[in-house]
Each structure stands twice: as structure tokens, then as C-alpha cells.
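Results of the structural survey
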Amino acid sequence: MDKTKILFVCLGNICRSPSAEAVMKSLVDKNGMSNSFEIDSAGITGYHAGEPADQRMQRHAINRNIRLTSISRQVKSPDDFKYFDYIIGMDDQNMEDLYSLSPNDKTGKISKMTDYCTQHTNTSVPDPYYGGAAGFELVLDILEDACEGLLNYIEQDGK
Ligand code: 4NP
């Protein structure tokens, strides 16, 4: 069976989307489903391309046993929109940018991370870059909730 391919997207691909990638990989691994998924992340901008995740984000994630290993890259259009089944933005600006980058016939693959939350009422994963520790914790809280919801959604949706 084909793998379900998921691309998480934020602005810089050094805080939120690499965390989403790592949280989702950890979750599918815990469920013994790693072989059924391909999970990646990318940034709307390439400002941090080639860099590992933000040190602060890495430290907060490690406290939850989540290791951030991905290296930042920019979203590629049209290739990413053709290749991935789910393209998931973190906030409304990401969504707007993804819709404008996407080929017209691929916009149905785009969704927002918080749409999968069942515990949190946040309507975006807030950018933690210029804030303090609480912002990084909130990112991880929302992502853990959303990834659970996303996995349930995919299991029901079939793809
Ligand atoms: P991210 O956070 O989009 O969650 O990776 C940011 C990282 C870098 C910048 C902004 C947001 N920046 O302005 O460099």
C-alpha cells in the first residue's frame, strides 16, 4: 500500500513545522505505523535553509522526548504539492501563502494544523520565535493534540 505523505509547513522551518514533523513521527512510531507514513517539513521562506531547528525549540522538545533532527528547507512548488497527500500550515499567513504557491488542482491537499485539534481551541499554532519559554511549550501542546487528531482523521479518511 502507498505511504501517506505529509508535509508540515511554517514560515522558517526551524520552530513549528520541524516540531510537527517530529511529534507526528513519534506518534506513528508509538502506534507501530512508521512504515505507512512519509513525514517531512518545509518553510514558506528559505531564510534558514540548511540550518537545524532552533536551539530553544530543540530543548523544549527534548524535555518531552521529542528529538528534532530535520534540516530547514523551502517549500518547492509545484513538486511538493504534487508529491505530498497532506500539506499542513501552522497559521493563517502560512495558509494564504500555501494557497498562492499551490497549483490550482492541488489546493484540496492544504489544511491548517489546528483544524485537527480536539483539546485546544487555538485557531493557529503561534510563532514562538520572538517570545519566551511559554510560547515554545504552547507550540508543543497544540502540536501533540493536533497530531493525535490528524492520525485519527487519516485512519478514518483512508489516506
Ligand atoms: P517558524 O518560526 O516559522 O515556526 O520556524 C520562525 C523562525 C524564524 C523566523 C520567524 C519565525 N524569522 O523571522 O527568522
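Preceding block: the structure.
Rules behind the numbers
Residues numbered from 1 in each chain as written. Predicted model: local features only at pLDDT ≥ 70, side-chain atom pairs only at ≥ 80, totals over all residues. Heavy atoms only, no water. Helix = DSSP H or I, 4+ residues; strand = E, 2+ residues; numbered from the N terminus. Rg over C-alpha atoms; globule rule 2.2 N^0.38 Å. Buried < 20%, exposed > 50% of the residue type's maximum accessible area, 1.4 Å probe, protein only. Contact = heavy atoms within 4.5 Å. Areas by Shrake-Rupley, 256 points an atom, 1.4 Å probe, with all protein chains shown as cover. Lys, Arg positive; Asp, Glu negative; His and termini not counted. Charge placed at Lys NZ, Arg CZ, Asp CG, Glu CD. Near = heavy atom within 4 Å. Polar contact = N/O pair within 3.5 Å; in protein donor to acceptor, adjacent residues only side chain to side chain. Nonpolar A, V, L, I, M, F, W, Y, C, P; charged D, E, K, R; others polar. 1 Å grid on protein atoms, 1.4 Å probe; cavity = no way out; pocket = protein on both sides within 12 Å on 5 of 7 lines; lining within 4 Å. Points joined across faces, edges and corners; volume = space filled by probe spheres on them. Arc of directions from axis to C-beta. Pairing = 2+ DSSP bridges. Axes fitted to C-alpha atoms, helices over the stretch in contact; angles between N-to-C directions. Parallel < 35°, antiparallel > 145°, perpendicular 65-115°, else oblique. Left-handed = near helix turned anticlockwise from the far one by under 90°.

**Some details on the overall build of the protein**
- Check the secondary structure of the protein and you find five helices and four strands.
- When the elements of the protein are put in sequence order from the N terminus, they spell out β-α-β-α-α-β-α-β-α.
- Here the C-alpha radius of gyration of the protein, 14 Å, is about what a compact globule of 159 residues would show, namely 15 Å.
- With the principal axes as the frame, the protein shows a C-alpha extent of 40 × 35 × 30 Å.
- Out of the 159 residues in the protein, the part that is buried amounts to 50%.
- Considering only contacts in the protein between residues 6 or more positions apart, those separated by 24 or more positions represent 73%.
- Total accessible area on the protein stands at roughly 7,900 Å², and carbon and sulfur atoms take up 46% of it.
- For the protein, the distance from the average site of its 16 positive side-chain charges to the average site of its 24 negative ones is 5 Å.

**A look at the site of the ligand**
- What surrounds the ligand is the set C10, L11, G12, N13, I14, C15, R16, H48, D127, Y129 and Y130.
- Within the side chain of Y130, a nitrogen or oxygen atom sits 3.3 Å from an oxygen atom of the ligand.
- A class-by-class count of the residues in the shell around the ligand yields six nonpolar, three polar and two charged.

**What to know about the layout of surface pockets**
- What the largest pocket holds in volume is close to 180 Å³.
- Forming the walls of the largest pocket are 14 residues, and the residues nearest its centre are L11, G12, H48, D127 and Y129.
- Across the lining of the largest pocket, the residue classes break down as eight nonpolar, four polar and two charged.

**Here's the deal with the environment of D79**
- Position of D79 relative to the elements: it lies in helix α3 (residues 79–83).
- Considering only alpha carbons, one finds D79 and G50, 29 residues apart in sequence, at a separation of 19 Å.

**Here we look at helix α2 (residues 55–62)**
- What α2 keeps buried is the set M57, H60 and A61. Considered in projection along α2, the buried side chains sweep an arc of 100° and stay on one side of the axis.
- On the buried face of α2, the contacting elements are α1 (16–30) and α5 (133–157).

**Here we look at the sheet that holds strand β4 (residues 110–112)**
- The parallel open sheet is built from four strands, whose spatial order is β2-β1-β3-β4. Among the strands making up the open sheet, the edge pair consists of β2 (37–43) and β4. Here the average twist between neighbouring strands, direction ignored, is 25°.
- Sheet topology places strand β3 (residues 86–89) next to β4; three bridges connect them, and they run parallel. Note that in β4 the partner of G89 across the bridge is K112.
- With respect to the sheet, α1 is in contact with β1 (4–10) and β2, its orientation differing from that of β2 by roughly 170°.

**What about the packing of α1 against α5?**
- At a minimum axis distance of 9 Å, the contact between α1 and α5 shows a crossing angle of 50°. By the angle class used here, α1 and α5 are oblique. Judged by the sense of rotation from one axis to the other, the crossing of α1 with α5 is right-handed. When α1 is examined against α5, the residues R16, S19, A20, V23, M24, L27 and V28 are found in contact with a partner set consisting of V139, L140, L143, E144, C147, E148, L150 and L151.
- Residues of the contact of α1 with α5, tallied by class, amount to 11 nonpolar, one polar and three charged.

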